[in-house]
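Close look at the chain arrangement
Residue-level listing of the chains:
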Amino acid sequence: MTEKHDDKHQPQAEGKTKPQTEGKAVHGADDEQLRVNKIENGIVLDHLPPGSALKVLDALGVTAEFPGTVSILMKSPSSRHGLKDLVKIEGKALGKTELDRAALLAPHSTVNVIKGFKVVEKYRVSVADEVKDVVRCPNNKCVTNAEGKSIFRVEERNPLKLRCAYCERLYHAAELASPAHAQG
Amino acid sequence: MTWFGRDLVTARGLGRDDIEEILREADSFSSIAREKRSTDTLKGKVVATLFFEPSTRTRFSFQTAAMRLGARRIGFGDDSVTSTVKGETLSDTIKVIDACADCIVIRHPLEGAAQAAANVSEAPVINAGDGANQHPTQALLDLYTIRKEKGTIDGLKILMLGDLKYGRTVHSLAYALSQFDDVELLFHSPPALRMPEQITNELRGQIKMRELSSFDLSQADVVYATRIQKERFADPEEYRKYSYHIGTDELATMKTDAILMHPFPRVGEIAEEVDADPRAAYFRQEANGICVRMAVLNKILSRKG
Ligand SMILES: [Zn+2]
């Protein structure tokens, strides 16, 4: 299976593009380049909530220093649910903690694992009923910020809200996923 | 749910049956507490009171309750904390105490500390206050006081005054009151110290709630006054503007059969001249803490309850 998205003709931001050579209009390859780079190895996160892509990258720990190519597509019409965001990250594998954190922001997204330009694995992220040791509690008086591991329990799915099992405060998932609360 | 062996960490999730069981038990201990007698129902048991922040009243109340039931007590509080457990993790301290005690009463400045203690302790843990979060035995003694003074809890209008944002007693009490029928909560506080939205959101649909725009004591069956700490305001002017005072004039606006409660300490919210009025229930409320904590300890520690 090759990558195919239902968003071909939409404006898109790219993390890195090759400079266009002045006066040398080459069709085909550059057209392709202007859309979205295929990635050789890495991941594609699809069906992110519209406007969430930058926060998802933060949650994944992908910053300006990240060495691989990053492509971001925001607010692209999706055949399934209105608008969506999409990110492609070259050379990135996902750890469980990073994935759990991203899932808090984008609970219905899909992860495509790409190897040799092919999708070798595709799955939906999920938020477990109990999110343990993934994010810090934003309450700085919470005991988990002094010692022990954080535990949040899902209290509502839509919108996603979780309650700290210790200080009992309730949070929107997006508040928890902010990088300021990254565990460790 | 049976009380035997159970942790009492939060008033959230306490059902009416759980609460009624404690209130009944407290009634059965009230004359022992009042007459300063004791029983031996918890003879041979050891109750640990671990106070990581000072609160002489609550600590003495728990210790008195344990001793009137015939239990022995160990623990620390106030100044001794620093030398005993400084530098040690909470979970290490709890594990050490757990080997000694049949029950652990904990007061801690961090929110969720009692839950953290309960997670590592075999012995049941009773939360005696964790930061701004919960103070469930205070809620139980408040309910006991309301029932005793008013004859019922159902159908009452209860006005909460003061710092409703950081005041854990009003949080625990609001949750506990939501288990009763047809209670209405009225709130009046400085704008910056309102009852947290997450609590009102959670309780909406379970209990009627209303914000009073003015300092109006006339509608309430129970006026529950709490202190406003000066430190909550950056500007002392603000504090002056929003601090309140109940003297004889304000008392005169209350219903004749209403009661005035306060979880203590008071810092000028209620004038001493009010103390002699029969509606001033706060010293009786404070004293009720002993029989209510006897009830909690006995329910949790004795199999026959
Ligand atoms: Zn917390």
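Keep in mind the model is a prediction, meaning the values are calculated, not measured.

For the rest of this paragraph, the subject is the sheet that holds strand β10 (residues 170–172) of chain A. All names here are of chain A. Here 4 strands make up an open sheet; going across it, the order is β7-β8-β9-β10 and the pairing antiparallel. In this open sheet, the two edge strands, each paired with only one partner strand, are β7 (130–132) and β10. Neighbour to neighbour, the strand axes of the sheet diverge by 35° on average, direction disregarded.

So, on to the interface of chain B and chain A. At the interface, 17 residues of chain B touch 14 residues of chain A. For the pair chain B and chain A, the summed buried surface comes to about 1,300 Å²; carbon and sulfur atoms form 42% of the total. The largest share of the area that chain B buries against chain A comes from L110(B), E111(B) and Q198(B), three residues that together contribute 43% of it. The interface formed by chain B and chain A holds 3 salt bridges in total. The salt bridge involving R163(A) is made with E202(B); its shortest N-O contact spans 3.0 Å. Counting across the chain B and chain A interface gives 12 residue pairs in polar contact (both at pLDDT 80 or more). Partitioning the side of chain B that touches chain A into residue classes produces 5 nonpolar, 9 polar and 3 charged.

The next subject is the domain arrangement of chain B. Residue and element names in this part refer to chain B. Assigned domains of chain B: these are domain 1 (16–134 + 289–301) and domain 2 (136–285). Computed from C-alpha atoms alone, the centre-to-centre distance between domain 1 and domain 2 is 25 Å. Tallying the contact residues gives 26 residues for domain 1 and 24 residues for domain 2. Summed over both partners, the interface of domain 1 with domain 2 buries about 1,900 Å², with 55% contributed by carbon and sulfur atoms. On the surface where domain 1 and domain 2 come into contact, there are 4 salt bridges. Among the ionic pairs, E53 bridges to R168, the shortest N-O distance being 3.7 Å. At the junction of domain 1 and domain 2, the tally comes to 10 residue pairs in polar contact (both at pLDDT 80 or more).

Before going further, it helps to examine unusual backbone geometry. The amide bond that connects N158(A) to the next residue, P159(A), takes the cis arrangement and shows omega of 0°. Its location among the elements puts P159(A) in the loop between β8 (151–157) and β9 (160–164). Looking along the chain, the bond that leaves F264(B) and enters P265(B) is cis, with omega of -5°. Following the sequence through the fold, P265(B) ends up in the loop between β9 (259–261) and α11 (282–301). Although it is not a glycine, D182(B) adopts a positive phi angle of roughly 60°. Following the sequence through the fold, D182(B) ends up in the loop between α7 (168–177) and β6 (184–188).

All names here are of chain A. With distances of 2.3 to 2.4 Å, the protein atoms coordinating the zinc ion are C137 (SG), C142 (SG), C164 (SG) and C167 (SG). Considering all 4 donor atoms around the zinc ion, the spread of angles at the metal, 103 to 120°, places the coordination shape in the tetrahedral class. Mapped onto the polypeptide sequence, the residues donating to the zinc ion form the spacing pattern C-x4-C-x21-C-x2-C. Of this pair, C137 sits in the loop between β7 and β8 while C167 sits in the loop between β9 and β10, and the two are 30 residues apart along the sequence. For the residue pair C137 and C167, the accessibility class agrees, reading buried in each case.

A separate point is the packing of aromatic side chains. All names here are of chain B. Evaluation of the coordinates by the stated rule reveals 8 aromatic pairs over all chains. Look at F233 and Y239: their rings are 6.1 Å apart centre to centre, the planes differ by 55°, and that puts the pair in the tilted class. Overall, the relative accessible area of 16% leaves Y239 in the buried class. Aromatic ring contacts, followed pair by pair, group F233, Y239 and Y242 into a single cluster. Over the aromatic face of Y166 sits the side chain of R232, whose NZ or CZ is 4.0 Å from the ring centroid. In this structure, R293 packs its charged tip against the face of F62, placed 4.8 Å from the ring centre.

Criteria and cut-off values
- What you see as residue numbers is a count from 1 along each chain, following the sequence as written.
- Labels are handed out in written order, letters beginning with A for the chains and numbers beginning with 1 for the ligands.
- Where local features are concerned, this predicted model is filtered to residues with pLDDT of at least 70; where side-chain atom pairs are given and counted, the filter is 80 or more; whole-chain, interface and lining totals use all residues.
- Derived side-chain values reflect all non-hydrogen atoms in the structure, with water molecules and hydrogen atoms excluded from consideration.
- Two strands form a pair only when DSSP identifies at least two bridges running between them.
- Helix and strand definitions here come from DSSP, where helices need a minimum of 4 consecutive H or I residues and strands a minimum of 2 consecutive E residues; each element is numbered from the N-terminal end.
- Here, axes are lines fitted to C-alpha atoms. For helices the fit covers the stretch in contact, and angles between N-to-C directions go from 0 to 180 degrees.
- Only heavy atoms matter for contacts: two residues are in contact if any of them lie within 4.5 Å across the pair.
- Defined in terms of a 1.4 Å probe, buried area is the accessible area two parts forfeit on being brought together, summed over both.
- Here, a salt bridge means any side-chain nitrogen of Lys or Arg that lies within 4 Å of a carboxyl oxygen of Asp or Glu.
- N or O atoms within 3.5 Å of each other form a polar contact, as long as, within protein, one can give a hydrogen and the other can take it, and as long as residues adjacent in sequence are counted only when both atoms are side-chain atoms.
- Lys, Arg, Asp and Glu make up the charged group, whereas Ala, Val, Leu, Ile, Met, Phe, Trp, Tyr, Cys and Pro make up the nonpolar group; the residues left over, Gly among them, are polar.
- For the domain bounds, the source is a domain assignment made automatically or taken from a database.
- Water is not part of the atom set, so a site may look incomplete; the donors themselves are N, O and S atoms within 2.8 Å of the metal, or 3.2 Å for Na, K and Ca.
- A site with four donors is called tetrahedral when every donor-metal-donor angle falls between 85 and 135 degrees; four donors are called square planar, and six octahedral, when opposite donors sit more than 155 degrees apart and all other angles fall between 65 and 115; any other arrangement is irregular.
- When a residue's accessible area, from a 1.4 Å probe over protein chains only, is under 20% of the maximum for its type it is buried; when over 50% it is exposed; and in between it is partly exposed.
- Pairing of aromatic rings covers Phe, Tyr and Trp, the last through its six-membered ring, and needs centres within 6.5 Å; plane angles under 30 degrees mean stacked, over 60 mean edge-to-face, and all others mean tilted.
- By definition, being over a ring means that NZ of Lys or CZ of Arg is both within 6 Å of the ring centre and within 35 degrees of the ring normal.

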